[in-house]
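Each chain is listed here by its residues.
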Amino acid sequence: MTACVFKVHSVGWSERRFEVGKFNQENTLSLRGILAALIVLHHLSMYFPLSVTEQFRHWGGALVAVFFFITGYGLAVSYRRKGVGYLDGFLRKRLSGILPQFIVLVLLYSSGYCLFMDYSIKEIMYDLANGRTLSSLPNSWFIYVIIYVYVAFYVSLKLCGDMVRGGALFVCMLAAYVVFAAVVFEFSPHWWYTVMATGCGYFLAVSEDRLESSIARRPYVVIGLLAVLTVVCSALKVMSLLSAMWFYLWVFLFHMLVPVIVYVSIVIMAQGNPQYGRKRGQRLLRFLGTVSLELYLVHGVVIYLCDRFDLGAYPAYPVVFACSVAGAWLLARLSVVWRRDGKAVAVNR
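Just so it is clear, the structure is predicted and the values come from calculations on it, not from any experiment. (Residues numbered from 1 in each chain as written. Predicted model: local features only at pLDDT ≥ 70, side-chain atom pairs only at ≥ 80, totals over all residues. Heavy atoms only, no water.)

**Student:** Can you lay out the packing of helix α2 (residues 25-47) against helix α3 (residues 60-82) for me, pointing to particular residues and giving the numbers?
**Tutor:** Interaxial distance between α2 and α3 falls to 9 Å at its minimum, and their mutual angle equals 150°. Compared by their axis directions, α2 and α3 come out roughly antiparallel. As α2 packs across α3, the resulting crossing turns out to be left-handed. Contacts between α2 and α3 involve L31, R32, L35, A36, L38, I39 and H42 from the former and G60, L63, V64, V66, F67 and I70 from the latter. (Axes fitted to C-alpha atoms, helices over the stretch in contact; angles between N-to-C directions. Helix = DSSP H or I, 4+ residues; strand = E, 2+ residues; numbered from the N terminus. Parallel < 35°, antiparallel > 145°, perpendicular 65-115°, else oblique. Left-handed = near helix turned anticlockwise from the far one by under 90°. Contact = heavy atoms within 4.5 Å.)

Below, the structure written as C-alpha cells:
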C-alpha cells in the first residue's frame, strides 16, 4: 500500500491525470507465477524448515485466497462480457482444463502409494472422505474445491441469469460449502477458510466500474480505507484469542482483504503502463503463471518424495523447484488434446 501511495503521488491524483490500470489476464499472469512459486516455498518450509523460510509457513492461506479471488473475478468478467452464452459448454471447457492433468497424476501417485506403502484403494477413499489427500495426491484438496466452485457458479447463473441475483446464490452456495466442510464433515481449515474470497472477487468484478472510478477520483481514500480495514483485521486477530466467533470473523475478513489489497495495488501500479506485467524480466514469472496449475499439482509429489528419501533441507529447495517446474512443463505438454476441428490445443489455456 505504501508503494501505491508513492505511485499516486508521483502521477497526480486528479481524475484527469490518474487513470487506473486493468486487472486483466495479461497483468495478472506474472502474479499467478509469483503465487505458484510462493505456494511451493510455503509447503517446502513446512517439510524442510529453515530459519530464513520460517515466515513462509504462515503464507499459505493468503496465497490460495488470491487464487480463489482471481477465479471469482475471472468468472464474473467473462459472464459480463459474453452473457448467458458463456454458460454453453462451460463445465466441459472448465473441467477439461484441470481433470486430465489431475487424473493422470492421481492414478500414477496413488498406484505408487498403494504399492510401496501397502495401502489399498479402500483406505485411499476413506482418507478422501475424511479430508486427507496425502494418499491420493498431496494438496489436491484445491482441485476438489475448485470443481465445486465451477459447478456452483454454473448452477447459480443458469438458474438466475442476472449477475447480482446469480452472484448472491453463488455466494450462498459457497457459504453452504464452508458450513458443510467445517461443521458437518469437520475437514481441516485449509479446505474452507479461503473459499469465500471467490465470492469477493466475483462481486468486485460486478462493481468494477464504480470501484475503478473511486480509485481514479479518490485513490488516497481507497488506500486509506484498506489501511483501516487492515487495522481492524489486526484487532480481530488479537480478539480471536478470546472466542471462536472472533477467530472466524478474523479468518474470513483477512482472506478477503488480502486479495482486495492485491487488486487495488495492481490497478494502481499498472497506471499509465500498457506493458505492466509483460516486461522482459518477468518472462520466467509469466511462464510459471501459464503452468501454475500443473506446478501446484506436481510440487506436492516432489516434496513428499524428497521427504521420504530424507533429502536434507538445503538440497531439497533447489531439487523441488527444478523438478516441479520440469514436471509442470511436461504435464502441460501432455495436456494437449485433439479437438474436433483437428487442431491440437492445450485444454488449460
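**Student:** Any chance you could break down the side chain of S292 for me, citing the residues and the numbers?
**Tutor:** Along the chain, the position of S292 falls in helix α14 (residues 292-308). For S292, the side chain forms a polar contact with the main-chain oxygen of G289, separated by 3.2 Å. If sequence neighbours within four positions are ignored, S292 has contacts with R32, A36 and F67. (Polar contact = N/O pair within 3.5 Å; in protein donor to acceptor, adjacent residues only side chain to side chain.)

**Student:** Which residues make up a positive patch on the surface, and what are the values?
**Tutor:** Side chains of R81, K82, R92 and K93 sit close together on the surface and give a patch of like positive charge. Going through the elements one at a time, α3 and α4 (90-96) are the ones with two or more residues in the positive patch. Checked against the element boundaries, R92 lands in helix α4. (Patch = residues over 30% accessible without salt bridge, like charges linked within 9 Å, V, L, I, M, F, W, Y side chains within 5 Å. Areas by Shrake-Rupley, 256 points an atom, 1.4 Å probe, with all protein chains shown as cover. Salt bridge = Lys/Arg side-chain N within 4 Å of Asp/Glu carboxyl O. Lys, Arg positive; Asp, Glu negative; His and termini not counted. Charge placed at Lys NZ, Arg CZ, Asp CG, Glu CD.)

**Student:** Requested: an account of the packing of aromatic side chains, with residues and values cited.
**Tutor:** One pass over the full model with this rule turns up 33 aromatic pairs. Seen in terms of ring centroids, W141 and W191 are 6.3 Å apart; in terms of plane orientation they differ by 50°. Their pairing is tilted. Of this pair, W141 sits in helix α7 (residues 141-160) while W191 sits in the loop between α8 (163-184) and α9 (196-206); the two residues are 50 residues apart in sequence, bridging distant segments of the chain. Classification of W141 by relative accessible area gives buried; the value is 7%. A residue is classified by how much of its surface remains accessible, and W191, at 6% relative accessible area, is buried. Ring centres of Y148 and Y177 lie 5.3 Å apart, and the angle between their planes is 35°; on these two criteria the pair is classed as tilted. One end of the pair, Y148, is in helix α7; the other, Y177, is in helix α8, with 29 residues separating them in the sequence. Residue classification places Y148 among the partly exposed positions, given a relative accessible area of 27%. (Phe/Tyr/Trp six-rings, centres within 6.5 Å; stacked < 30°, edge-to-face > 60°. Buried < 20%, exposed > 50% of the residue type's maximum accessible area, 1.4 Å probe, protein only.)

**Student:** An account of the packing of α3 against α7 is requested, with residue identities and associated values reported.
**Tutor:** The interhelical angle for the contact between α3 and α7, taken along N-to-C directions, is 25°, at an axis separation of 12 Å. One way to sum up the angle between α3 and α7 is to call them roughly parallel. Where α3 crosses over α7, the handedness of that crossing is right-handed. On the side of α3, the interface is formed by V64, F68, T71, L75 and Y79, while α7 contributes W141, F142, V145, I146, V149, Y150, F153 and L157.

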